[in-house]
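One-letter residues, chain by chain:
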Amino acid sequence: MEHKNGILIDWLSFTSKKLFPEDVMELIGITSGWQLMDRGIRGYGARYYNGSISIHFGGVQDNVWCEFSGQGCRTFESESTHKSYDLIFEALMKPENMMKLTRLDIAYDDFTGLLDIERICDDTRPRNHKYRAKTDYAQVIESTNGLSCDIGSPKSLLLVRIYDKLAERLAKMRGREEREKVKESIPYWVRCELQLRDERALEFVKYLMGRDPVTKVSAPLTLGQAFCGVMENYLDYGYEVAARGNPKKKIWHRFEYWQKFLQNAEKLSLYRKPGKGYNLERMVNFVQNNAGNAIDAAIHIFGPSKFFEIIEQRKISQTSKYMELIQQHGKYADKIDEDIIREYRDNNDTDIALEYLQGQPKNEERSPWFVVFSQSGPRIWNGVRHILCVKCQEPKPIHAFDNVMTDSNFGICYKCKGKKGNT
């Protein structure tokens, strides 16, 4: 079997505070064959496992974490009903899914000797390279798994790893005959891997999707174009020499092998300056991580109604970046209400729900929400039980009510109780 040089996704992990494990299975297009493991890691209580894909959930964590290892990526590419990373990336772009891309590895496999691992290690040791990062950290490792060099800190958001993939593969095999067969079919295999985390990973995906990337591009990029562009911007192997006639001026000469590797790629940045391109995701992140504890305490102390009153009476004026978000997304709560009604209509084919969506309820005294909440069983959306207020006729999360009976879908919300004559 002939192996050709190519680029692939070799690790993918993301979290979501909205999706359930079953939702993640639907998203990745693999809904069967999962094995439930009753022990989790990193604070998660359990996980589902299928072909090196893990979905962690429960425990002390408040989200679901899905992780594809390298083999998990191959499982996804062969077993998924859609086999499309773009569908996962599309879901990541939607703020309502409350998803975060935590790691993305892009790997270039060289089977032709374009990347000489010994030469690269020899150039890495004396720093015959430039690395665009806060710390110029690099290390060369020689072990039974072969030669490997890391450029970038292991804790950084961007790390380049170049290593002898064939030696690593052979080291995992016990039988000599098996190793000889592999060496006959794959005489050379070096991998150059771009490991991205958090915001760097998301910015890389934006190039693939054509969604407001840091460096402007005319169209969505292929995986190879994005990989080479990022490598062109962040890592260069070569050396400096003094300019002829001007010893103080230094000129950089790129090594020929690195030039052949990157060809004529255009530089692509993954660094977005703070404050640039403020979006709904960043606002939600600020509310949760910076002001979340204060907001939670205020709501517990004063209740939701008084809390909103405190916010409305603040003395500081609204800033332009938040006004732009309001104009861009509108009243998001209304959109959620419409989605809930639409979901009910699709499942129950109710004319009243359709009239409500069109803004023309026949009976203004009774909202079609009464039809939805009169059904048996609790009404749960996004993992939260909702109750219908009989005063304002609006569905709200259960924490917006007081003294709700266990089996009742109706109550009077804090806001309505605070109004005169509604106590």
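Refer to the structure presented above.
Since this is a predicted model, take the numbers as computed values, not measurements.

A. Focus on the pairing of strand β6 (residues 99–110). The buried fraction of β6 is high, at 11 of 12 residues. Pairing geometry for strand β1 (residues 6–16) and β6, over 10 bridges, is antiparallel. The partner of Leu12 across the bridge, within β6, is Leu104. Relative to strand β11 (residues 190–197), β6 is paired through eight bridges, and the arrangement is antiparallel.

B. Geometry of the packing of aromatic side chains. The final tally for this structure, using the stated rule, is 15 aromatic pairs. With a centroid separation of 6.4 Å and an interplanar angle of 85°, the aromatic rings of Tyr257 and Trp258 are classed as edge-to-face. Classification of Tyr257 as buried rests on a relative accessible area of 12%. By way of ring pairs, the aromatic residues Tyr108, Phe227, Tyr237, Tyr239, Phe255, Tyr257, Trp258 and Phe261 are connected into one cluster. Positioned above the aromatic ring of Phe255, the side-chain terminus of Arg119 is 4.7 Å from the ring centre.

C. Spatial organisation of the nonpolar core. Among the nonpolar cores identified, the biggest contains 68 residues, and Ile162, Leu194, Phe204, Met231, Tyr237 and Trp258 are the most heavily contacted of them. Apart from residues lying up to four places away in sequence, Leu194 is in contact with Leu104, Asp105, Ile106, Leu158, Leu159, Val160, Phe204, Phe227, Val230 and Met231. Judged by nonpolar contacts, the second largest core, of seven residues, contains Phe111, Met173, Ile186 and Trp189.

D. Fine view of the pattern of salt bridges. Tallied over the full model, the rule gives 20 salt bridges. Arg191 is paired through a salt bridge with Asp109; the nearest N and O atoms lie 2.7 Å apart. Here Arg191, found in strand β11, pairs with Asp109, found in strand β6; they are 82 residues apart in sequence, far enough to count as distant. Exposure class is identical for Arg191 and Asp109. Each is buried. Put simply, Arg254 and Glu232 hold a salt bridge, and the shortest N to O gap is 2.8 Å. In this pair, Arg254 is assigned in strand β13 (residues 246–254) and Glu232 in helix α8 (residues 223–234), connecting sequence segments 22 residues apart. A network of salt bridges, in which partner residues are shared, links Asp10, Arg74, Glu77, Asp109 and Arg191.

E. Examining the sheet that holds strand β12 (residues 235–243) more closely. Pairing is antiparallel across the open sheet formed by three strands, whose spatial order is β7-β12-β13. In this open sheet, the two strands that pair with only one neighbour each are β7 (129–131) and β13. Ignoring strand direction, the axes of neighbouring strands in this sheet form an average angle of 45°. Sheet contacts for α8: β7, β12 and β13; angle to β12, the most-contacted strand, approximately 35°.

F. The arrangement of helix α2 (residues 70–79) in detail. Within the span of α2, buried status applies to Gly70, Gly72, Cys73, Thr75 and Phe76. Packed against the buried residues of α2 are β1, α1 (21–28), β3 (46–50), β4 (53–57), β5 (64–68) and α3 (85–92).

G. Quick peek at the pairing of β4. Among the five residues of β4, five are classified as buried, and the element is accordingly described as predominantly covered. Alternating residues of β4 divide into Ile53, Ile55 and Phe57 and Ser54 and His56, and every residue in both groups is buried. By the bridge criterion, five bridges tie β3 to β4 in an arrangement that is antiparallel. Counted as the bridge partner of Tyr48 is Ile55 from β4. The pairing of β4 with β5 spans four bridges and is antiparallel. Counted as the bridge partner of Ile55 is Cys66 from β5.

H. Layout of unusual backbone geometry. If you check the backbone angles, Ser52 has positive phi at about 70° while not being a glycine. Take Ser52: it is sitting in the loop between β3 and β4. Taking the relative accessible area as the measure of exposure, Ser52 reaches 19% and is therefore buried. Phi angles above zero are rare outside glycine, and Gln263 is one such case at about 55°. With respect to the secondary-structure elements, Gln263 resides in the loop between α9 (256–262) and α10 (280–289). On the basis of relative accessibility, which here comes to 55%, the residue Gln263 falls in the exposed class.

I. Structural view of the sheet that holds β11. Here we have 10 strands laid out as an open sheet, ordered β2-β3-β4-β5-β1-β6-β11-β10-β9-β8, and antiparallel in their pairing. In the strand order of this sheet, the two ends are held by β2 (35–37) and β8 (138–143), each with one partner. Strand-to-strand twist in this sheet, taken as the mean axis angle between neighbours without regard to direction, amounts to 15°. Sheet analysis places β2 next to β3, joined by three bridges and oriented antiparallel. Residue pairing across strands places Gln35 opposite Tyr49, the latter belonging to β3. In the packing of α3 onto the sheet, contacts are made with β1, β5 and β6, and the angle to β1 comes to roughly 35°.

J. Main features of the state of the cysteines. By the definition in use, this model includes zero disulfides. Here Cys121 stays free of any disulfide, with the sulfur of Cys149 as its closest cysteine sulfur at 4.5 Å. Take Cys121: its relative accessible area is 0%, and that puts it in the buried class. Looking at Cys228, it has no disulfide partner, and the nearest cysteine sulfur is the one in Cys192, 9.1 Å off. Given the relative accessible area of 17%, Cys228 is considered buried.

Calculation rules
- Residues numbered from 1 in each chain as written.
- Predicted model: local features only at pLDDT ≥ 70, side-chain atom pairs only at ≥ 80, totals over all residues.
- Heavy atoms only, no water.
- Buried < 20%, exposed > 50% of the residue type's maximum accessible area, 1.4 Å probe, protein only.
- Helix = DSSP H or I, 4+ residues; strand = E, 2+ residues; numbered from the N terminus.
- Pairing = 2+ DSSP bridges.
- Phe/Tyr/Trp six-rings, centres within 6.5 Å; stacked < 30°, edge-to-face > 60°.
- Lys NZ or Arg CZ within 6 Å of the ring centre and 35° of its normal.
- Core = buried A, V, L, I, M, F, W, Y, C linked by side-chain atoms within 4.5 Å.
- Contact = heavy atoms within 4.5 Å.
- Salt bridge = Lys/Arg side-chain N within 4 Å of Asp/Glu carboxyl O.
- Axes fitted to C-alpha atoms, helices over the stretch in contact; angles between N-to-C directions.
- Disulfide = S-S within 2.5 Å.

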